[in-house]
Amino acid sequence: MDTAFETALAALQEHRGKTAPMDMRAAFDSDPNRFARFSLALDDLTLDYSRAAVDDETVGLLLKLAEAAGLEQARDDMFAGKHINITEDRAVLHTALRALSGGAVYNDGDDVMPDVRAVLEAMDAFADGVRSGAIHGATGKAFTDVVNIGIGGSDLGPVMVTRALSPYHDGPRLHYVSNVDGAHIADTLSGLDPETTLFIIASKTFTTIETMTNARTAQKWVAAKLGQSATGDHFAAVSTALDKVAEFGIDPARVFGFWDWVGGRYSLWSAIGLPIMIALGADDFRRLLAGAEAMDQHFKSAPLRENLPAILGLVGYWHRVVCDYPARAIIPYDQRLERLPAYLQQLDMESNGKGVRLDGSPVITPTGPLVWGEPGTNGQHAFFQLLHQGTDIIPVEFMLAAEGHEAGLQHHHDLLVANCLAQAEALMKGRTLAEAEAQLLDKGFPEDEIRRIAPHRVFTGNRPSLTVLYRKLDPYALGRLIALYEHRVFVEAQLFGINAFDQWGVELGKELATELLPVVEGKADAADRDAATAGMVKRITALREG
Ligand SMILES: O=P(O)(O)OC[C@H]1O[C@](O)(CO)[C@@H](O)[C@@H]1O
């Protein structure tokens, strides 16, 4: 590891040693400008990190760490198309997919933008055709339902966005099938009519076993009712592997390509977003891209101290590495962002769940945290107990819209906002023993009862949270929010010194599953597997045989 980086990290750790635990109540009491000093805005988007356990010195030291890690140069290298995905020798240019207001973007000397625009126009035409009924099923009926078959990055982004933007949804109904569990496709297809159903097979590699298995099942389902020759009218595909799509038998006119410089978990901006476009229409899809582009431009140009993704990443690093908090909770107080935690799980954990540095040496600090969450207020009635009084500190990242879409339900939205603000305040302030006792006294509890109960009602407080506030969850705001988190993951990866853009950790399980399939099917012997696998296979077989 670079000495300048080690020095900067040691300074941060020493600072933590001197300041932990930071008394946040005192910090707010002594500084009425704390919110103003530790929050950032980009148009109507605010990142409030005043409730993170940071002070000016912390931020200053984090900025020095970013400098020592070469963050700005790394960011510029990414936008410039350098092969920063070193294990796959690829550029990382998902930002080009939304760079629609700018000029050329180069990958290996070629401007990628003409191809990006051409695919987008082809998507526009196809989505328009499906929405208007001009593109229809084999019997001439318009498509009422579209089923996207894909998994991971070929599923989570479109699922999350379709759900998030449901007020803008005016196209056919959308369904998503990802799991190889037959229950997923069976439940989805029950109630659908092959005559009016379009399938989009979404797979960057077009080899993913779950997707290929579900795609074949879907083909059979259409053929069973409409005949094999009709299937062509009911399938489209999105992939970088056009040869494999052709082998599968999907009409090339209905295949939408993208490129190896788009990572799966960064691909919703590409043709992988086709279901989103069919649901919302081309204009809203472009608004989503425009929001992301605005965040890209901000990330590229704002000084790090005022740069939302940089600060979000630096504070994330502070919590993960210096404070040693193992997890982060993503809690959108925005019901339509209910799939955002799952989306960010892939984005963050598949990117930064790594154990070696760029040069292959073991990392010297923890890397990506466990990312999880659920929408508020639901989470409050489930796991917030642990967030407030559990023995681990888990920084919480709240998301909140100032306005809801439901004009007639303002009271609901006010309650939602009040709850979000209340949780952030409660985590920060806590409740002391003296306060707990005073409250019980006010309620008329006798003294011995107060002594017995009060310790259970103490909240330690000093539990960090961040809040991302936006005006309203519209396509532009959502695009900006997703890009904020994409770049945050990048910032943290740069500080960890790892490659955020490969995912070798998913391979071993896939290889073993391929080996184990014949064993499960009874075509190969389980005896040479480990005892646990062999034992389970035996029991599964016995259970199946009744
Ligand atoms: O789009 P594909 O190639 O089917 O891959 C799906 C997902 O599988 C993964 O490769 C992990 O197994 C993800 O990175 C990817 O998003």
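Residues numbered from 1 in each chain as written. Predicted model: local features only at pLDDT ≥ 70, side-chain atom pairs only at ≥ 80, totals over all residues. Heavy atoms only, no water.

Let us now look at the sheet that holds strand 5 (residues 145-149). Spatially, the five strands line up as an open sheet ordered 6-5-7-8-9, and their pairing is parallel. Pairing within the sheet leaves two strands with one partner each, and these edge strands are strand 6 (173-177) and strand 9 (255-257). Averaged over neighbouring strand pairs, the angle between their axes works out to 20° when direction is ignored. Pairing geometry for strand 8 (residues 235-239) and strand 9, over three bridges, is parallel. Directly across from Ala-237, in strand 9, lies its bridge partner Val-255. Lying on the sheet, helix 8 (residues 182-189) is in contact with strand 5, strand 6 and strand 7 (197-202); it crosses strand 6 at an angle near 165°. (Pairing = 2+ DSSP bridges. Helix = DSSP H or I, 4+ residues; strand = E, 2+ residues; numbered from the N terminus. Axes fitted to C-alpha atoms, helices over the stretch in contact; angles between N-to-C directions. Contact = heavy atoms within 4.5 Å.)

Here the focus is helix 16 (residues 410-429). If you check helix 16, its first and last C-alpha atoms are 28 Å apart, about what 20 residues at 1.5 Å a residue would give, namely 28 Å. When helix 16 is considered as a whole, its buried residues turn out to be His-413, Leu-416, Val-417, Cys-420, Gln-423, Ala-424, Leu-427 and Met-428. An end-on view of helix 16 places all buried positions within 135° of arc, on one side of the element. Buried residues in helix 16 make contact with helix 2 (24-30), strand 10 (327-333), helix 15 (384-389), strand 12 (396-401) and strand 13 (465-470). At the exit of helix 16 stands Gly-430, carrying a positive phi of roughly 65°. (Expected span 1.5 Å × (residues − 1). Buried < 20%, exposed > 50% of the residue type's maximum accessible area, 1.4 Å probe, protein only. Arc of directions from axis to C-beta.)

With that out of the way, let us pick up the packing of helix 5 (residues 71-79) against helix 19 (residues 475-496). Relative orientation of the contacting elements helix 5 and helix 19 amounts to 125°, with a least axis distance of 10 Å. One element, helix 5, and the other, helix 19, form an angle in the oblique class. Handedness of the crossing formed by helix 5 with helix 19: right-handed. Each of Leu-71, Ala-74, Arg-75, Met-78 and Phe-79 in helix 5 lies in contact with helix 19, whose residues at this interface are His-487, Phe-490, Val-491 and Gln-494. Grouping the constituent residues of the contact of helix 5 with helix 19 by class yields six nonpolar, two polar and one charged. (Parallel < 35°, antiparallel > 145°, perpendicular 65-115°, else oblique. Left-handed = near helix turned anticlockwise from the far one by under 90°. Nonpolar A, V, L, I, M, F, W, Y, C, P; charged D, E, K, R; others polar.)

Per the UniProt annotation, the sites labelled "active site" (unreviewed entry) are Glu-350, His-381 and Lys-510. Of the residues just listed, which span 161 residues, the most distant C-alpha pair is 36.7 Å apart, and they do not cluster in one region. Within the secondary structure, Glu-350 sits in helix 14 (residues 340-352). Those residues in contact with Glu-350 that lie beyond four places of it in its chain are Arg-265, Gln-345, Asp-502, Gln-503 and Val-506. (UniProt positions renumbered as here; feature names shortened; annotations may be inferred.)

The next thing to look at is the site of the ligand. Taken together, 14 residues lie around the ligand, and Ser-154, Ser-203, Lys-204, Thr-205 and Thr-208 are the ones closest in. Between the ligand and Ser-203, the relevant distance is 2.6 Å, taken from an oxygen atom to a side-chain nitrogen or oxygen of the residue. Contact with the protein chains removes 88% of the 390 Å² of surface that the ligand exposes when unbound. Class assignment of the residues belonging to the shell around the ligand gives a composition of two nonpolar, nine polar and three charged. (Near = heavy atom within 4 Å. Polar contact = N/O pair within 3.5 Å; in protein donor to acceptor, adjacent residues only side chain to side chain. Areas by Shrake-Rupley, 256 points an atom, 1.4 Å probe, with all protein chains shown as cover.)

Turning to its location among the elements, Glu-293 is positioned in helix 12 (residues 282-301). Despite its burial, Glu-293 pairs with no opposite charge; the closest candidate is Lys-300, at 7.3 Å N-O. Not counting the four nearest positions on each side in its chain, Glu-293 is found in contact with Arg-98, Ala-99, Leu-100, Ser-101 and Gly-102. (Lys, Arg positive; Asp, Glu negative; His and termini not counted. Salt bridge = Lys/Arg side-chain N within 4 Å of Asp/Glu carboxyl O.)

Once that is clear, we can look at unusual backbone geometry. Here the bond from Ala-20 into Pro-21 is cis, since omega is -15°, no more than 30 degrees from zero. Mapped onto the secondary structure, Pro-21 falls in the loop between helix 1 (3-19) and helix 2. A cis amide bond, omega 10°, links Gly-376 with the succeeding residue Thr-377. Considering the arrangement of structural elements, one finds Thr-377 in the loop between strand 11 (370-372) and helix 15. Phi angles above zero are rare outside glycine, and Asp-324 is one such case at about 65°. Turning to its location among the elements, Asp-324 is positioned in the loop between helix 13 (308-322) and strand 10.

This next bit is on the pattern of salt bridges. Evaluation of the coordinates by the stated rule reveals 34 salt bridges. Here Arg-98 makes a salt bridge to Glu-486, at a shortest N to O gap of 2.8 Å. Remark: Glu-486 occurs in helix 19 and Arg-98 occurs in the loop between helix 5 and strand 3 (106-107); sequence separation between them is 388 residues. As far as the burial class goes, Arg-98 and Glu-486 line up, both buried. For Glu-195, the salt bridge goes to Lys-141, with nearest N and O atoms at 3.7 Å. In this pair, Glu-195 sits in the loop between helix 8 and strand 7 while Lys-141 sits in the loop between helix 6 (113-132) and strand 5, placing the two residues 54 residues apart along the sequence. Taking the relative accessible area as the measure of exposure, Glu-195 reaches 14% and is therefore buried. Members of the salt-bridge network, linked through shared partners, are Arg-328, Asp-348, Glu-397, Arg-488 and Glu-492.

Further remarks concern the environment of Glu-6. Positionally, Glu-6 belongs in helix 1. On the basis of relative accessibility, which here comes to 39%, the residue Glu-6 falls in the partly exposed class. The spatial distance from the C-alpha of Glu-6 to the C-alpha of Ile-364 is 10.0 Å, given a sequence separation of 358 residues.

The next thing to look at is the sheet that holds strand 12. One open sheet accounts for six strands, arranged 1-2-13-12-10-11; its pairing is mixed. On the outer flanks of this sheet lie strand 1 (39-42) and strand 11, each paired with one strand and no other. In this sheet, neighbouring strand axes are inclined to one another by 15° on average, regardless of whether the strands run parallel or antiparallel. Relative to strand 2 (residues 45-48), strand 1 is paired through four bridges, and the arrangement is antiparallel. What sits directly across from Leu-42, in strand 2, is Leu-45. On the sheet, helix 19 packs against strand 1, strand 2, strand 10, strand 12 and strand 13 and is oriented at approximately 145° with respect to strand 13.

Within the secondary structure layout, Ser-267 lies in the loop between strand 9 and helix 11 (274-280). Among the polar contacts made by the side chain of Ser-267, one reaches the main-chain carbonyl oxygen of Gly-153 at a distance of 3.3 Å. Excluding anything up to four places from it in sequence, Ser-267 contacts Gly-153, Phe-258, Val-262, Ile-272 and Gly-273.

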